[in-house]
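In case you want the letters, here they are:
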4 protein chains.
Amino acid sequence: MKTLVSKIKLRVRFSEVDSMGIAWHGSYVKYLEDGREAFGREYNLGYMDVYKKGFFTPIVKLDLDYKLPLRYEESAIIETKYINSDAAKIIFEYRILSLDNKLLAKAKTIQVFVNLSGKLELSTPDFFVDWKIKNKLI
Amino acid sequence: MKTLVSKIKLRVRFSEVDSMGIAWHGSYVKYLEDGREAFGREYNLGYMDVYKKGFFTPIVKLDLDYKLPLRYEESAIIETKYINSDAAKIIFEYRILSLDNKLLAKAKTIQVFVNLSGKLELSTPDFFVDWKIKNKLI
Amino acid sequence: MKTLVSKIKLRVRFSEVDSMGIAWHGSYVKYLEDGREAFGREYNLGYMDVYKKGFFTPIVKLDLDYKLPLRYEESAIIETKYINSDAAKIIFEYRILSLDNKLLAKAKTIQVFVNLSGKLELSTPDFFVDWKIKNKLI
Amino acid sequence: MKTLVSKIKLRVRFSEVDSMGIAWHGSYVKYLEDGREAFGREYNLGYMDVYKKGFFTPIVKLDLDYKLPLRYEESAIIETKYINSDAAKIIFEYRILSLDNKLLAKAKTIQVFVNLSGKLELSTPDFFVDWKIKNKLI
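Residues numbered from 1 in each chain as written. Chains lettered and ligands numbered in written order. Predicted model: local features only at pLDDT ≥ 70, side-chain atom pairs only at ≥ 80, totals over all residues. Heavy atoms only, no water.

Asks: An account of helix 1 (residues 27–43) of chain B is requested, with residue identities and associated values reported.
Replies: Residues and elements named next belong to chain B. Taking 1.5 Å per residue as the helical rise, helix 1 with its 17 residues ought to reach 24 Å, and the 25 Å between its terminal C-alpha atoms agrees with that figure. Among the 17 residues of helix 1, 15 are classified as buried, and the element is accordingly described as predominantly covered. At the C-terminal side of helix 1, asparagine 44 shows a positive phi close to 55°. (Helix = DSSP H or I, 4+ residues; strand = E, 2+ residues; numbered from the N terminus. Expected span 1.5 Å × (residues − 1). Buried < 20%, exposed > 50% of the residue type's maximum accessible area, 1.4 Å probe, protein only.)

Asks: Requested: an account of the interface of chain C and chain A, with residues and values cited.
Replies: Between chain C and chain A, the contact holds 19 residues from the first and 19 residues from the second. When chain C packs against chain A, the two sides together hide about 1,900 Å² of surface, and 62% of this comes from carbon and sulfur. At the junction of chain C and chain A, the tally comes to 2 salt bridges. Where chain C touches chain A, the interface holds 10 residue pairs in polar contact (both at pLDDT 80 or more). Among the secondary structure elements, those contributing two or more residues to the side of chain C that touches chain A are helix 1 (27–43) and strand 3 (59–66) of chain C. For the side of chain C that touches chain A, the leading source of residues is strand 3 of chain C, giving 8 residues. (Contact = heavy atoms within 4.5 Å. Buried area = accessible area lost by both parts, 1.4 Å probe. Salt bridge = Lys/Arg side-chain N within 4 Å of Asp/Glu carboxyl O. Polar contact = N/O pair within 3.5 Å; in protein donor to acceptor, adjacent residues only side chain to side chain.)

Asks: Just give me the short version of the sheet that holds strand 3 of chain C, but keep the residues and values in it.
Replies: Strand order across the open sheet formed by 10 strands is 1(A)-4(A)-5(A)-6(A)-3(A)-3(C)-6(C)-5(C)-4(C)-1(C), with antiparallel pairing between neighbours. On the outer flanks of this sheet lie strand 1 (5–11) of chain A together with strand 1 (5–11) of chain C, each paired with one strand and no other. Averaged over all pairs of adjacent strands, the angle between their axes in this sheet comes to 15°, without regard to strand direction. (Pairing = 2+ DSSP bridges. Axes fitted to C-alpha atoms, helices over the stretch in contact; angles between N-to-C directions.)

Asks: Provide a residue-level description of the relation of the copies chain C and chain A, including the pertinent values.
Replies: Overlaying chain C with chain A gives an RMSD of 0.0 Å, the required rotation being 180° about an axis along which the chain moves by 0.0 Å. Accordingly, the operation relating the two chain copies is best matched by a two-fold axis. The position closest to the rotation axis in chain C is occupied by the C-alpha of C:Asp63, lying 2.2 Å away. In this assembly, 100% of the residues forming the interface of chain C have copies in chain A that are likewise at the interface, indicating an isologous arrangement. (Least-squares fit on C-alpha atoms with pLDDT ≥ 70 in both.)

Asks: Give a description of the pairing of strand 6 (residues 103–112) of chain A that names residues and reports values.
Replies: Residues and elements named next belong to chain A. Buried residues dominate strand 6, accounting for 7 of its 10 residues. The pairing of strand 3 (residues 59–66) with strand 6 spans 7 bridges and is antiparallel. The residue bridging aspartate 65 from the neighbouring strand is lysine 106, located in strand 6. Both strand 5 (residues 89–98) and strand 6 contribute to a ladder of 9 bridges, which runs antiparallel.

Asks: So what's going on with the relation of the copies chain B and chain C? Residues and values would help.
Replies: Once chain B is rotated about the relating axis by 180° and shifted along it by 0.0 Å, it coincides with chain C to within an RMSD of 0.0 Å. In this assembly the copies share their binding face: 100% of the residues contributing to the interface of chain B also contribute to that of chain C.

Asks: If you had to explain the interface of chain B and chain C to someone new, which residues and values would you point to?
Replies: With 14 residues of chain B in contact, the opposing surface of chain C contributes 14 residues. Interface area for chain B against chain C, summed over the two sides, is near 1,700 Å², with a carbon-plus-sulfur share of 43%. Put simply, C:Asp34 and B:Arg13 hold a salt bridge, and the shortest N to O gap is 2.5 Å. Between the two partners, chain B and chain C, sit 8 residue pairs in polar contact (both at pLDDT 80 or more). Only helix 1 and helix 2 (47–52) of chain B provide two or more residues apiece to the side of chain B that touches chain C. Ranked by residue count, the leading element in the side of chain B that touches chain C is helix 1 of chain B, at 5 residues. Looking at the side of chain B that touches chain C residue by residue, the classes come out as 4 nonpolar, 1 polar and 9 charged. (Nonpolar A, V, L, I, M, F, W, Y, C, P; charged D, E, K, R; others polar.)

Asks: Explain the pattern of salt bridges to me, using residue names and the numbers behind them.
Replies: Going through the model one piece at a time under the given rule, you end up with 33 salt bridges over all chains. Among the salt bridges present, the one from A:Arg13 reaches A:Glu16, with a minimum N-O distance of 3.9 Å. Across the pair, A:Glu16 and A:Arg13 agree in class, each one buried. What you see here is one network of salt bridges that share partners, running through A:Arg13, A:Glu16, A:Asp34, D:Arg13, D:Glu16 and D:Asp34.

Asks: Describe the nonpolar core, listing the residues and the values that go with them.
Replies: Counting residues in each nonpolar core, the largest one holds 162 residues, and the members touching the most others are A:Ile96, B:Ile96, C:Ile96 and D:Ile96. When near neighbours in sequence (up to four residues on either side) are disregarded, A:Ile96 contacts A:Leu10, A:Tyr28, A:Tyr31, A:Leu32, A:Leu70, A:Ala76, A:Ile77, A:Ile78, A:Lys102, A:Leu103, A:Leu104 and A:Ala105. (Core = buried A, V, L, I, M, F, W, Y, C linked by side-chain atoms within 4.5 Å.)

Asks: Lay out a nonpolar patch on the surface with the relevant residues and their values.
Replies: A contiguous nonpolar patch, built from A:Met48, A:Tyr51 and A:Leu116 and spanning about 250 Å² of accessible area, is present on the exposed surface. When you line up the elements, A:Tyr51 lands in helix 2 (residues 47–52). (Patch = residues over 30% accessible without salt bridge, like charges linked within 9 Å, V, L, I, M, F, W, Y side chains within 5 Å. Areas by Shrake-Rupley, 256 points an atom, 1.4 Å probe, with all protein chains shown as cover.)

Asks: How would you explain helix 3 (residues 126–134) of chain C if you had to name every residue and give the values?
Replies: Working note: α-helix, 3.6 residues per turn, so residues spaced by three or four point in the same direction. Residue and element names in this part refer to chain C. Among all positions in helix 3, only Phe127, Phe128, Trp131 and Lys132 are buried. Along the axis of helix 3, the buried residues cluster in a sector spanning 140°; they form a single face. Along helix 3, the residues that are exposed and aim more than 90 degrees away from the buried face are Asp126 and Lys134. Lining the buried residues of helix 3 we find helix 1, helix 2 (47–52), strand 2 (55–56), strand 4 (75–83) and strand 5 (89–98). Just downstream of helix 3 lies lysine 136, where phi reads positive at about 55°. (Arc of directions from axis to C-beta.)

That's the geometry; what it means functionally is another story.
Following this line, the structure appears as structure tokens:
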């Protein structure tokens, strides 16, 4: 089975830093979203791709482990890895790495499928089965 | 002519403070929005009130003058004052005041009316003329 | 052993809502911080209380479970509960509840003690042992 | 006199979009900061460059004119232009342009010099006079 991973670089903005001079822990939620959007652009699984198929994919679970601080203007790599699942879910695992490859944070998100009327989909939508086939995941 | 003013209290959150230990200048945009929403609730001119009449009211101009810093956990008063205008606009002036009445910041926003298809309204919508009459502004 | 819980009310701001019309999942990190700061004010364990004792308490773990969406202008209660631990950690569990008492989200954060030079404290700081005694937790 | 301008590209993030599906007006404050930081890196006038010389440069004035909306995932160019002044101030003018060169927003910020003890500097600091000379502005 193929491993689908996307990598992008972040640089800590002034507005993301707290009074300790390090990236505020809530800023990481944006970094993960940046990683997920980069994955979406690379593998055609972006918010708009999914929306056009008739679904929203709200996040139902977010776990974040902070290992080492990120300082203002520091750069890091967000690595976003797709985790395949039989459930009607989109699961990602993330690693935020310093430029010299130290693990700064790791995270996991779980998204579900909700149709445009707001109803939760309990079985994997057809378009997502197709996406999995196309990406040699099933 | 009546003066319509709304006042609410803010307290500076940790996430709003920058590495200088004071409220980041961008945080004030949220404080103004808090003031505007408080005004909307008090005078029935909230986002949803206007939306139900068929309009969005995007901000087209924002001016902010920062006079004195706001520190973490400090409280202040946001005073939101409606400025009447013949144009198809909603204009507010704001003052952010310390609890001992020092002027910390002042601001102004201008909003226009856009219908739900995204078209700019050049004349004042009927519902807003009614709102003005009800509030003894015309 | 006493249970220490703090409750405050939130109202979803326009700036916190995403294009689905519900509170963006990252906004909840601020809601948790609001809960934690309310707890800090109620039980003298705020950021500044701890800072005056010579410590920062960065968050090293954040888990968030989203159950039901929060819409623009909706109000909810953030319940922040202190979880006692023998480790040199501050642990909180949170519940975000609708006004009719439905569980909208639950969360957990773990904070560690770092001295002002940035060194991790492996044993519980004296001031925090005192705080626990004062609050009948040990 | 030389014109100092810096350009960078932005892409609208999901978290920056409001319930109208367009970039929330407060998100632009971050875009301007991105532009200003890019200018700082290009011309050695970043936050840290100035801090090392003993100064903070808080924003005292922010004016923003919104012309056309920015949608989710849309890209744009932030153009940050230094405006020379005899006063002890740093003034920038900004234009946010679509990729086909339409003016989406324009803005202006004014920053002052405050020493590390928080005192406002009324005359231009030596390091900034040197910076102006080096950049052929005086």
